[in-house]
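Now for the letters of each chain:
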Amino acid sequence: VQLQASGGGLVQAGGSLRLSCAASGRTFNSYTMGWFRQAPGKEREFVSAIKWSGGSSIYAASVKGRFTISKDTAKNLVFLQMNSLKPEDTAVYYCAAKNRAITPTSTSPSGYDYWGQGTQVTVSS
């Protein structure tokens, strides 16, 4: 499995960005795709996850109502639409994948088997 995240950049507080994750190497019907982020000096934290088949999704409380996860199964893409961005959203964002359904472990980095390289999101105040 290969994951390629893109779409990061510099944005002012209140602005929006859309991250993309291109997935390849497998058929992902049974997979859960996740987004995590890691700020300098902090642990990697869960942002959102979506089931490839069916589309059920979960969000961290800190982003719920501002971020939306979605997918384009025909193009093997997963998106993270980020609105109303705050300086505390600044981090490297990673996409991840696991060959299991959404479970309580879906919010833990250790629950994922495959990781992309990360894309930097910087929100200025």
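Here, every reference points to the structure presented above.
As a starting point, this report considers the structure included with it. This structure is a prediction, so every number in the text was calculated from the model and none was measured. (Residues numbered from 1 in each chain as written. Predicted model: local features only at pLDDT ≥ 70, side-chain atom pairs only at ≥ 80, totals over all residues. Heavy atoms only, no water.)

Remarks on the sheet that holds strand 1 (residues 2–6)
Then, number 1: Strand order across the open sheet formed by four strands is 1-3-8-7, with antiparallel pairing between neighbours. Edge strands, defined here as strands with exactly one partner in the open sheet, are strand 1 and strand 7 (67–72). The mean angle between the axes of side-by-side strands here comes to 15 degrees, regardless of whether they run parallel or antiparallel.
Then, number 2: Pairing between strand 3 (residues 17–24) and strand 8 (residues 77–82): six bridges, direction antiparallel. Bridging from a neighbouring strand, L17 pairs with M82 of strand 8. (Pairing = 2+ DSSP bridges. Helix = DSSP H or I, 4+ residues; strand = E, 2+ residues; numbered from the N terminus. Axes fitted to C-alpha atoms, helices over the stretch in contact; angles between N-to-C directions.)

Here's the deal with the side chain of K51
Then, number 1: Take K51: it is sitting in strand 5 (residues 45–51).
Then, number 2: The charged side chain of K51 is buried without a salt bridge, its nearest counter-charge being D113 at 12 Å.
Then, number 3: A polar side-chain atom of K51 sits 3.2 Å from the main-chain carbonyl oxygen of N29. (Buried < 20%, exposed > 50% of the residue type's maximum accessible area, 1.4 Å probe, protein only. Lys, Arg positive; Asp, Glu negative; His and termini not counted. Salt bridge = Lys/Arg side-chain N within 4 Å of Asp/Glu carboxyl O. Polar contact = N/O pair within 3.5 Å; in protein donor to acceptor, adjacent residues only side chain to side chain.)

Details of the pattern of salt bridges
Then, number 1: If you walk through the whole model with that rule in mind, you get four salt bridges.
Then, number 2: For E45, the salt bridge identified is with R37, shortest N-O distance 2.6 Å.
Then, number 3: Owing to a relative accessible area of 36%, E45 belongs among the partly exposed residues under this scheme.
Then, number 4: A relative accessible area of 6% places R37 in the buried class.
Then, number 5: Here D89 and R66 are joined by a salt bridge, their closest N and O atoms 2.8 Å apart. You can see D89 sitting in the loop between strand 8 and strand 9 (91–98) and its partner R66 sitting in the loop between strand 6 (57–59) and strand 7, a full 23 residues away along the chain. Each member of the pair, D89 together with R66, is buried.
Then, number 6: Overlapping salt bridges, with partners in common, bring together R37, E45, R66 and D89 in one network.

Some thoughts on the nonpolar core
Then, number 1: Among the nonpolar cores identified, the biggest contains 34 residues, and M33, W35, F67, V78, L80, M82 and Y93 are the most heavily contacted of them.
Then, number 2: Sort the elements by how many residues they give to this core and strand 9 lands first, with five residues.
Then, number 3: Those residues in contact with M33, other than ones at most four positions away along the chain, are L3, A23, F28, S48, A49, I50, W52, I69, V78, A96, A97 and Y112. (Core = buried A, V, L, I, M, F, W, Y, C linked by side-chain atoms within 4.5 Å. Contact = heavy atoms within 4.5 Å.)

Re the packing of aromatic side chains
The way to describe two aromatic rings as a pair is by their centre distance and the angle between their planes.
Then, number 1: If you walk through the whole model with that rule in mind, you get seven aromatic pairs.
Then, number 2: Ring centres 5.4 Å apart and planes at 45 degrees place the aromatic pair F28 and W52 in the tilted group. In this pair, F28 is assigned in the loop between strand 3 and strand 4 (32–38) and W52 in the loop between strand 5 and strand 6, connecting sequence segments 24 residues apart.
Then, number 3: Here the aromatic residues F36, F46, Y94, Y112 and W115 are joined through ring pairs into a cluster of three or more. (Phe/Tyr/Trp six-rings, centres within 6.5 Å; stacked < 30°, edge-to-face > 60°.)

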